[in-house]
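Structure assessment
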Amino acid sequence: MAADYYGLLKIRRDATQDEVKRAYRRLARELHPDVNPDPETQERFKEITQAYEVLSDPEKRRMYDMGVDPFASSAAAGASPFGQGFNPLNDLLDQFFGAAGGAATRGPRSRAQRGRNATIRIELELSECSFGATRELTVDTAVVCPTCSGEGTAPGTHPQTCDICGGRGEVSQVTRSFIGQVMMARVCPGCGGFGTVLVRPCPECDGDGRVRTRRTIKVRIPAGVEDGTHIQLAGEGEVGPGGGPPGDLFLEIVQRPHEIFERQGDDLHCTVTIPMVAAALGATLSVESLDGPADIDIRPGTQSGQAIPLYGQGVKHLNGNGRGDLVIHVTVETPAKIDVEQEKLLRELAKLRGEEAPPGRFAPGQQGFFSRLRDAFNGR
Ligand SMILES: [Zn+2]
Ligand SMILES: [Zn+2]
């Protein structure tokens with residue numbers, strides 16, 4: 001028959017987790033073996049601890065409310081009715097051999113824990129990636145509570161040594177198991193292993209030692225970053241529980257696509273289209289670069305697909321000197337529409353260059369290729 005855990009802790013069946021905890025803490029202070037070593041009190045202490053173990057665990061409590069007592073059933077049947085993943089005996093052995101947190105450590109643990117890291121994504125233009133940028137960032141983060149300076153207690157008060165464990169953060173418990181009576185050290189349920197209790201928690205942070213706030217920081221992003229670069233700002237993350245040291249803040253760079261340049265490493269690539277005649281005769285062309293307009297020489301006889309490098313006009317190298325290149329890829333445009341006069345000139349040119357008009361499926365004759373094409377189109 002299952003024990004009446006609610007009765008043992010003197011709480012109602014609908015007690016909250018907080019009420020369960022408080023009820024146990026109150027009784028544990030009275031009944032703790034360090035305070036009352038007589039066997040009867042020790043037996044009661046074990047009972048209320050068992051009740052607390054079940055009722056403080058939402059899953060075990062749900063099972064208990066359904067009429068299944070985790071402790072009674074495992075002792076009787078030897079097999080857990082809960083299937084794998086819940087076995088009080090395993091829990092016991094875990095604690096005994098130190099697999100569960102707390103049992104293996106000695107002494108109270110610090111309330112102050114290191115804060116978490118945080119990551120912020122920053123979108124930058126290509127030129128900002130190349131030359132660096134400064135940004136003011138607004139971050140929602142946790143800072144040390146100004147009221148209690150991280151201690152977690154109301155002004156004028158301090159954490160008090162835990163009555164249950166005497167400041168050790170753990171309690172010894174005698175438990176019967178199949179290997180006989182074992183003495184186990186386990187995390188003190190009165191203080192959660194801290195060795196101290198916050199009798200009057202700070203009203204501003206509710207004992208957490210930190211408060212959430214919004215703050216602005218100015219960050220300098222170095223030249224040469226690219227899409228996906230992470231910049232670590234040590235100590236700019238959120239403050240930890242108990243006013244513990246802050247974590248780090250990471251900036252993740254997102255580079256906005258550029259309408260002209262495609263970046264490959266620290267080189268930039270772009271395409272310019274030049275007229276056929278300019279490609280043949282050569283020309284000077286003004287192109288965009290990161291540093292503003294730049295003149296490039298198109299040499300006579302430039303072919304479509306040719307690349308013209310502008311050395312040192314690319315993106316700055318990160319953590320180093322120098323820059324990548326700007327590579328201009330040339331596309332030569334063949335005229336799509338020509339008038340009669342232009343055709344005449346081109347045909348003369350072809351004749352001068354000894355280039356025959358390509359053979360067509362029209363009858364050979366004195367007429368040129370273009371005229372034949374046009375005649376065919378007009379239905380002549
Ligand atoms: Zn506070
Ligand atoms: Zn304690």
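Provided above is the structure to which this section pertains.
The rules behind the values
- Residues numbered from 1 in each chain as written.
- Chains lettered and ligands numbered in written order.
- Predicted model: local features only at pLDDT ≥ 70, side-chain atom pairs only at ≥ 80, totals over all residues.
- Heavy atoms only, no water.
- Donors = N, O, S within 2.8 Å, 3.2 Å for Na, K, Ca; no water.
- Tetrahedral: all angles 85-135°; square planar, octahedral: opposite > 155°, others 65-115°.
- Helix = DSSP H or I, 4+ residues; strand = E, 2+ residues; numbered from the N terminus.
- Buried < 20%, exposed > 50% of the residue type's maximum accessible area, 1.4 Å probe, protein only.
- Patch = residues over 30% accessible without salt bridge, like charges linked within 9 Å, V, L, I, M, F, W, Y side chains within 5 Å.
- Areas by Shrake-Rupley, 256 points an atom, 1.4 Å probe, with all protein chains shown as cover.
- Salt bridge = Lys/Arg side-chain N within 4 Å of Asp/Glu carboxyl O.
- Polar contact = N/O pair within 3.5 Å; in protein donor to acceptor, adjacent residues only side chain to side chain.
- 1 Å grid on protein atoms, 1.4 Å probe; cavity = no way out; pocket = protein on both sides within 12 Å on 5 of 7 lines; lining within 4 Å.
- Points joined across faces, edges and corners; volume = space filled by probe spheres on them.
- Nonpolar A, V, L, I, M, F, W, Y, C, P; charged D, E, K, R; others polar.
- Pairing = 2+ DSSP bridges.
- Axes fitted to C-alpha atoms, helices over the stretch in contact; angles between N-to-C directions.
- Core = buried A, V, L, I, M, F, W, Y, C linked by side-chain atoms within 4.5 Å.
- Parallel < 35°, antiparallel > 145°, perpendicular 65-115°, else oblique.
- Contact = heavy atoms within 4.5 Å.

**Some thoughts on the coordination of the zinc ion (ligand 1)**
- The zinc ion (ligand 1) binds to the protein through Cys-145 (SG), Cys-148 (SG), Cys-202 (SG) and Cys-205 (SG), with metal-donor distances spanning 2.3 Å.
- Around the zinc ion (ligand 1) sit four donor atoms, and with donor-metal-donor angles ranging over 104 to 117° the site reads as tetrahedral.
- If you list the donors of the zinc ion (ligand 1) from N- to C-terminus, the spacing comes out as C-x2-C-x53-C-x2-C. Here the residue Cys-148 occupies a position in the loop between β2 (133–144) and β3 (160–161), and Cys-205 occupies one in the loop between β6 (196–197) and β7 (210–221), the gap between them amounting to 57 residues.
- Among the residues examined, Cys-148 registers a relative accessible area of 8% and is labelled buried.
- Taking the relative accessible area as the measure of exposure, Cys-205 reaches 8% and is therefore buried.

**Considering a nonpolar patch on the surface**
- Where nonpolar side chains cluster on the molecular surface, the patch consists of Met-276, Val-277 and Leu-281 and spans about 280 Å² of accessible area.
- One can find Val-277 in helix α8 (residues 276–281).

**Looking at the side chain of Thr-302**
- By the secondary structure assignment, Thr-302 is in the loop between β13 (292–298) and β14 (307–310).
- Polar contacts involving the side chain of Thr-302 include one to the main-chain carbonyl oxygen of Arg-299, which spans 2.6 Å.

**Details of empty space enclosed by the protein**
- Tallied over the full model, the rule gives one cavity of 30 Å³ or more.
- In this structure, the largest cavity spans a volume of roughly 30 Å³.
- Around the largest cavity sit Arg-25, Arg-29, Cys-162, Asp-163, Ile-164, Gly-190 and Val-197, which together line it.
- Partitioning the lining of the largest cavity into residue classes produces three nonpolar, one polar and three charged.

**Describing the coordination of the zinc ion (ligand 2)**
- Coordination of the zinc ion (ligand 2) by the protein involves Cys-162 (SG), Cys-165 (SG), Cys-188 (SG) and Cys-191 (SG), with metal-donor separations of 2.3 Å.
- Its four donor atoms give the zinc ion (ligand 2) angles of 103 to 114° at the centre, a pattern that matches the tetrahedral case.
- Between the donor residues of the zinc ion (ligand 2), the gaps in sequence give the motif C-x2-C-x22-C-x2-C. A single burial state applies to Cys-188 and to Cys-191, both of which are buried.

**Quick word on the sheet that holds strand β15 (residues 326–333)**
- Reading across the sheet, the four strands line up as β10-β11-β15-β14 and stay open at both edges, with mixed pairing between neighbours. Two strands close off the open sheet at either side, each with one partner strand: β10 (262–264) and β14. Across this sheet, the average inter-strand angle for adjacent strands is 30°, counted without regard to direction.
- When β10 meets strand β11 (residues 267–275), the two strands line up antiparallel, connected through three bridges. By the bridge assignment for β11, Arg-263 is matched with Leu-268.

**Topic: the pattern of salt bridges**
- Throughout the structure, instances matching the rule amount to 20 salt bridges.
- The salt bridge involving Glu-123 is made with Arg-256; its shortest N-O contact spans 2.7 Å. A residue pair is termed long-range when its members are at least 10 positions apart, and Glu-123 in strand β1 (residues 118–124) and Arg-256 in the loop between β9 (249–255) and β10 qualify at 133 residues.
- Its relative accessible area of 42% is what places Glu-123 among the partly exposed residues.
- For Arg-215, the salt bridge identified is with Glu-236, shortest N-O distance 3.2 Å. Here Arg-215 is found in strand β7, whereas its partner Glu-236 is found in the loop between β8 (230–233) and β9, with 21 residues between them in sequence.
- Judged by relative accessible area, Arg-215 falls into the partly exposed class, the value being 23%.
- Ionic contacts of the salt-bridge type, sharing partners, join the residues Arg-116, Asp-208, Arg-210, Arg-212 and Glu-238 into one network.

**So, the nonpolar core**
- Ranked by internal contacts, the top residues of the largest apolar core, which has 25 residues, are Leu-9, Ile-11, Ile-48 and Leu-55.
- If you list the elements that add at least two residues to this core, you get α1 (5–9), α2 (17–31) and α3 (39–55).
- Counting 19 residues, the second-largest nonpolar core is a separate cluster that includes Leu-290, Leu-310, Val-315 and Val-332.

**Notes on the packing of α3 against helix α4 (residues 58–65)**
- One can describe the packing of α3 onto α4 by two numbers: an axis separation of 6 Å at closest approach and a directional angle of 100°. Between α3 and α4, the crossing angle belongs to the class labelled roughly perpendicular. On α4, the residues touching Glu-53, Val-54 and Leu-55 of α3 are Lys-60, Arg-61 and Tyr-64.
- Looking at side-chain class alone, the contact of α3 with α4 contains three nonpolar, no polar and three charged residues.

**Considerations on unusual backbone geometry**
- With a phi close to 55°, Lys-10 is a non-glycine residue in the positive phi region.
- Following the sequence through the fold, Lys-10 ends up in the loop between α1 and α2.
- Unlike most non-glycine residues, Ser-149 shows phi in positive territory, near 55°.
- Summarising the element assignment, Ser-149 is placed in the loop between β2 and β3.
- According to the relative accessible area criterion, Ser-149 is exposed, its value standing at 60%.

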